Amino acid sequence: MSTRNWRHVISLEDFTAEDYELVVQTTCSFREVLSRRNKKVPTLQGKVVANLFFEPSTRTRNSFELAAKRLSADTLNFAPGSSSLSKGETILDTARTFLAMGTDIMVVRHQASGVPQAIAQDMDNLGGTVGVLNAGDGKHEHPSQALLDLFTLTTYLNLNYPSASELKGKKILIVGDILHSRVARSNLYCLVTLGADVHLVAPPTLLPKEFSSYGVTIHHTLSTALEDADFIMTLRLQTERMGQFLVPSLREYHAQFGINRDRLVKCSPNVQVLHPGPVNRGVEISSDLMDDPRLSLIDKQVTNGVATRMSLLYLMGASSGDKII
Ligand code: NCD
């Protein structure tokens, strides 16, 4: 049984197998809610969820907004360009402004690692029960993405009765810009804890040796890495986080590390491909493979994001001590 305090969700580093199982089972309940004609439940009625996105986002921001609305919370949205941040207000003062308006849960994305943690610390110092969820901080972590990936993997393996324990022994290959990827870091914690056989592949410039300390196998060429893989998680080349050119050219990168149909022959016969989006079509994955519903779980990842985020907001809301259902 999960014994964690769910008030803040900043990192998956200390998540246990039981915590992951609770997320999968809770997400399953919300998947059922989303299959109804009336997709709204009163779980967070009267609560305020603020999306503080200091960095651009399509999927994650809209997915959190929809999740909060399906739970009947009131939502506030913040975008730096149109806010007082451009008048010099600090990040913590921005968060305190949302606190003063009665925000219960802050969903925070920032280009710098550590910002959601700093806001959570500040909220704790002020007393009160505000919860902070990390929606992606720099190169650090992106817990809700790894958890929706987990739900997508487990429901592929067992649609009606998914369980986090299904990942044990599955070969999962993460390919691409691992160095700059917060998605990869959160996924590593999750997949290794659940006993998956995790392999990483990228050019050495995007995959330093230190990553072997996560308990994974490192490759620098695709061919051996692909053998018998059950799932391939592709990652975007994060050119905005590369201070210098770390790959010779996008064409060359695709030639060496791009995933396409031909390359899947070495994998397990039921192999499935994932990508957190946004995708550079034809760079990390070929366009036709990305659009093939028999081989790609990319659309399912987006769909599952809403139920997964509902379950996180629910678990965080429940930890505030109020009776919420
Ligand atoms: C990722 C992110 O922003 O960290 N995307 C996402 O949240 N779906 C990955 C990326 O930007 O490549």
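Residues numbered from 1 in each chain as written. Predicted model: local features only at pLDDT ≥ 70, side-chain atom pairs only at ≥ 80, totals over all residues. Heavy atoms only, no water.

(A) Seen up close, the site of the ligand. Near the ligand, the surroundings consist of R59, T60, R109, H142, Q145, R182, V183, R236, Q238, P276, G277 and P278. Between the ligand and the protein, one listed contact pairs an oxygen atom with a side-chain N or O atom of H142 at 2.7 Å. One nitrogen or oxygen atom from the side chain of R182 is found 2.6 Å from an oxygen atom belonging to the ligand. Assessed atom by atom at 2 Å from the grid points, the ligand resides in the largest pocket. Counting residues per element, the ones that place at least two in the shell around the ligand are α2 (59–70) and α6 (182–193). Here the residues of the shell around the ligand sort into three nonpolar, five polar and four charged. Looking at which domains feed residues into the shell around the ligand, each of domain 1 (17–141 + 303–318) and domain 2 (143–298) gives three or more. (Near = heavy atom within 4 Å. Polar contact = N/O pair within 3.5 Å; in protein donor to acceptor, adjacent residues only side chain to side chain. 1 Å grid on protein atoms, 1.4 Å probe; cavity = no way out; pocket = protein on both sides within 12 Å on 5 of 7 lines; lining within 4 Å. Sits in = over half its atoms within 2 Å of the grid points. Helix = DSSP H or I, 4+ residues; strand = E, 2+ residues; numbered from the N terminus. Nonpolar A, V, L, I, M, F, W, Y, C, P; charged D, E, K, R; others polar. Domains from an automatic or database assignment.)

(B) Geometry of the state of the cysteines. All told, the structure shown has zero disulfides when counted by the stated rule. Summary of cysteine pairing: C190 is not part of a disulfide, and the nearest cysteine sulfur, belonging to C28, is at 15 Å. (Disulfide = S-S within 2.5 Å.)

(C) Geometry of the pattern of salt bridges. In the structure shown here, the tally under the stated rule is 13 salt bridges. Its salt-bridge partner being K69, residue E65 comes within 2.8 Å of it at the nearest N-O pair. One end of the pair is E65 and the other is K69, both in helix α2 and four residues apart, which spans about a single turn. The exposure class of E65 is buried, given its relative accessible area of 13%. For K69, a relative accessible area of 36% corresponds to the partly exposed category. Here D292 makes a salt bridge to R294, at a shortest N to O gap of 3.0 Å. Classification of D292 by relative accessible area gives buried; the value is 5%. Where salt bridges share partners, they join R261, D288, D292 and R294 into one cluster. (Salt bridge = Lys/Arg side-chain N within 4 Å of Asp/Glu carboxyl O. Buried < 20%, exposed > 50% of the residue type's maximum accessible area, 1.4 Å probe, protein only.)

In short, shape yes, function no, at least from these values alone.
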